Amino acid sequence: KQVVMIREMIPQGLANISSTSEHDVMTGCCQSQGISGINSTFERNIFEPHEVCRASVTLDNSRCNVAMTGVSLVVEQVISFNFHGHNYRNAINLADRHEAGVGARHGTKETRHLEVDLKAIRYDCPTERKKKGVQKAFSQEDIYMMKQLQPACHAKHVTNEYFLVI
């Protein structure tokens, strides 16, 4: 018996994906404290389970009176089930990396480089299973495949997706 891994078709690979977000920071009873901005750049959108995800984040808090306490890069897994009109959705943070933020009215934009090693994400899995009432050990190949990050899946009733969240 040979272990085989089947993956769905790879979507279009993109490189240097950039996104900018600015928000009006409110405190108390809807009092504006200024505008805080963040610009994130990801090196690409497709990863293998043994690679490192890297992001570059530029923090702009020059127009805000409240300190930006920190910035994080999170690998989030979203699992969805849809059976006969019943929906279940669960989001799990698998790994994260934190960096310090910037102070209020910080005069210059600051860049943080964040990395998350995907091979550090491991699942607990049993070493044996019951087959016809008898305990049978999984092969080393099966255990290796079950412990690592599982591929994304977009099926009719089950969806498994991963997101990089700043």
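Residues numbered from 1 in each chain as written. Predicted model: local features only at pLDDT ≥ 70, side-chain atom pairs only at ≥ 80, totals over all residues. Heavy atoms only, no water.

## Focus on the overall build of the protein chain
Summing up its helical and strand segments, the protein chain has 1 helix and 10 strands in all. In terms of overall dimensions, the protein chain has C-alpha extents of about 65 × 35 × 30 Å along its principal axes. Taken across its 166 residues, the protein chain has 23% of its residues classed as buried. A total accessible area of about 11,400 Å² is found for the protein chain, and carbon and sulfur atoms account for 53% of it. (Helix = DSSP H or I, 4+ residues; strand = E, 2+ residues; numbered from the N terminus. Buried < 20%, exposed > 50% of the residue type's maximum accessible area, 1.4 Å probe, protein only. Areas by Shrake-Rupley, 256 points an atom, 1.4 Å probe, with all protein chains shown as cover.)

## Describing the pattern of salt bridges
Summed over the entire model, instances satisfying the criterion amount to 7 salt bridges. In this structure, the salt-bridge partner of Arg44 is Glu51, at a minimum N-O distance of 2.6 Å. Judged by its relative accessible area of 23%, Glu51 is partly exposed. Residue Glu115 pairs with Arg54 through a salt bridge whose shortest N-O separation is 3.0 Å. (Salt bridge = Lys/Arg side-chain N within 4 Å of Asp/Glu carboxyl O.)

## Observations concerning the nonpolar core
Formed by 16 residues in total, the largest nonpolar core has its most connected members in Leu59, Leu73, Leu118 and Ile121. When residues of this core are traced back to their parent elements, those giving at least two are strand E3 (52-64), strand E4 (68-83), strand E5 (86-102) and strand E6 (110-117). Residues contacting Leu73, with those up to four places away along its chain left out, are Phe42, Cys53, Ala55, Ala95, Asp96, Arg97, Leu114, Glu115, Val116, Leu164, Val165 and Ile166. (Core = buried A, V, L, I, M, F, W, Y, C linked by side-chain atoms within 4.5 Å. Contact = heavy atoms within 4.5 Å.)

## Thoughts on a nonpolar patch on the surface
A cluster of nonpolar side chains, namely Phe81, Phe83 and Tyr88, defines an oily patch on the protein surface of about 290 Å² accessible area. Of the residues examined, Phe83 reaches a relative accessible area of 40% and is grouped as partly exposed. (Patch = residues over 30% accessible without salt bridge, like charges linked within 9 Å, V, L, I, M, F, W, Y side chains within 5 Å.)

## Describing the sheet that holds E5
Strand order in the open sheet formed by 4 strands is E5-E4-E10-E9, with antiparallel pairing between adjacent strands. The outermost strands of the open sheet, each flanked by one partner alone, are E5 and strand E9 (153-154). Pairing of E4 with E5, which is carried by 15 bridges, proceeds in the antiparallel orientation. Bridge pairing in E5 links Asn82 to Asn87. (Pairing = 2+ DSSP bridges.)

## Describing the layout of surface pockets
The rolling of a water-molecule-sized probe over the atoms marks out the regions of remaining empty space. Volume-wise, the largest pocket comes out at about 830 Å³. Every residue lining the largest pocket is counted, 25 residues in all, and those nearest its centre are Asn45, Ile46, Phe47, Ala152 and Tyr162. When contributions to the lining of the largest pocket are tallied by element, the ones reaching two or more residues are strand E2 (31-44) and strand E10 (158-165). Partitioned by chemical class, the residues of the lining of the largest pocket number 17 nonpolar, 3 polar and 5 charged. (1 Å grid on protein atoms, 1.4 Å probe; cavity = no way out; pocket = protein on both sides within 12 Å on 5 of 7 lines; lining within 4 Å. Points joined across faces, edges and corners; volume = space filled by probe spheres on them. Nonpolar A, V, L, I, M, F, W, Y, C, P; charged D, E, K, R; others polar.)

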